[in-house]
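Coordinates in review
Each chain, written out:
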Amino acid sequence: MADIADVELVFNKLIETQPKELNERMSDTNAGIGAVLKVLDDAKCEVTCGDIAKKMNVSTARVAVLLKKMVAKDLIKRSTDSCDARIVCISLTQKGKDTINEVRDLIIEHLSRIIDELGMEKINQFIELSEEIREVALRVKPQAPDFLKDKK
């Protein structure tokens with residue numbers, strides 16, 4: 001079975017090479033909840049709705065909808081900031097921590113199987129090629145067709 005360092009490398013590189021595609025899934029509530037759980041787990045402390053929105057590159061309104069659903073599922077808790085009662089802090093409940101650990105275990109198992117089947121050499125080739133494609137795509141942007149250009 002693949003070791004945890006390989007799994008973490010593959011996971012992080014997949015996120016790095018395709019952030020737009022991951023963020024587009026925010027319309028899927030379960031994907032959005034998973035993303036918020038990851039942000040909270042990475043933070044290791046209480047954060048605000050604005051912090052979460054900034055980290056995920058989505059609107060605070062979208063995050064607020066997700067947080068409401070997550071409170072109902074007992075995944076997070078809200079509390080007011082001790083210095084400023086206007087600030088609402090978000091943190092994981094025990095159920096939220098258990099859920100993120102369960103998801104992490106599933107991801108590790110899934111990526112381990114992929115690594116075991118393909119091997120790290122092919123995975124590294126894929127990662128390198130993905131990074132090169134991303135760099136070229138960012139450098140060489142297509143021209144918008146005439147009908148999309150602003151005609152003043």
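Preceding this section is the structure that the text describes.
First, a word on what this report is: a plain description of the structure on this page.

Conventions used here
- Residues numbered from 1 in each chain as written.
- Predicted model: local features only at pLDDT ≥ 70, side-chain atom pairs only at ≥ 80, totals over all residues.
- Heavy atoms only, no water.
- Core = buried A, V, L, I, M, F, W, Y, C linked by side-chain atoms within 4.5 Å.
- Buried < 20%, exposed > 50% of the residue type's maximum accessible area, 1.4 Å probe, protein only.
- Helix = DSSP H or I, 4+ residues; strand = E, 2+ residues; numbered from the N terminus.
- Expected span 1.5 Å × (residues − 1).
- Arc of directions from axis to C-beta.
- Pairing = 2+ DSSP bridges.
- Contact = heavy atoms within 4.5 Å.
- Axes fitted to C-alpha atoms, helices over the stretch in contact; angles between N-to-C directions.
- Salt bridge = Lys/Arg side-chain N within 4 Å of Asp/Glu carboxyl O.

Quick word on the nonpolar core
Judged by nonpolar contacts, the single largest core of 18 residues is most densely connected at Val36, Leu37, Leu40, Ile52, Leu67, Met70 and Ile76. Of all the secondary structure elements, the ones that give two or more residues to this core are α3 (29-43), α4 (49-56), α5 (60-72) and β3 (88-92). No other element matches α3, which puts 5 residues into this core. Listed in part, the 8 residues of the second largest apolar core include Ala2, Val7, Val10 and Ile123.

Quick look at helix α6 (residues 94-118)
The α-helix advances 3.6 residues per turn, and as a result positions three or four apart in sequence lie on the same side. With 25 residues, α6 ought to run about 36 Å at 1.5 Å a step, and its terminal C-alpha atoms sit 36 Å apart, in line with that. Buried within α6 we find Gly96, Ile100, Leu111, Ser112 and Ile115.

Examining α5
Look at α5: 18 Å from first C-alpha to last across 13 residues, which is about the 18 Å you get at 1.5 Å a residue. Among all positions in α5, only Val63, Leu66, Leu67 and Met70 are buried. For α5, the arc enclosing every buried residue in end-on projection is 105°, short of the 170-degree limit, so these residues lie on one face. Across α5 from its buried face, at more than 90 degrees, point the exposed residues Ala61, Lys68 and Ala72. Note on α5: the residue one or two positions beyond its end, Asp74, has a positive phi of about 60°.

Focus on the sheet that holds strand β2 (residues 76-80)
Taken in spatial order, the 3 strands of this open sheet run β1-β3-β2, and their pairing is antiparallel. Each edge of the sheet is formed by a strand with only one pairing partner; in this case those strands are β1 (47-48) and β2. Pairing of β2 with β3 involves 5 bridges; the strand directions are antiparallel. Each residue of the ladder has a partner; that of Thr80, found in β3, is Val88. Lying over the sheet, α5 contacts β2 and β3, oriented at roughly 110° with respect to β2.

Some details on unusual backbone geometry
Not every positive phi belongs to a glycine, and Asn57 is a case in point at roughly 60°. One can find Asn57 in the loop between α4 and α5. For Asn57, a relative accessible area of 62% translates into the label exposed. Notably, Asp74 is not glycine yet its phi reads approximately 60°, a positive angle. Position of Asp74 among the secondary structure elements: in the loop between α5 and β2.

Points about the pattern of salt bridges
Under the defined criterion, the tally for this structure stands at 4 salt bridges. In this structure, the salt-bridge partner of Arg86 is Asp84, at a minimum N-O distance of 2.9 Å. By relative accessible area, Arg86 is classed as exposed at 73%.

Topic: the side chain of Asp41
Tracing the backbone through its elements, the reader meets Asp41 in helix α3. On the basis of relative accessibility, which here comes to 12%, the residue Asp41 falls in the buried class. Leaving out residues up to four positions away in the same chain, Asp41 has contacts with Leu92, Ile100 and Arg104.

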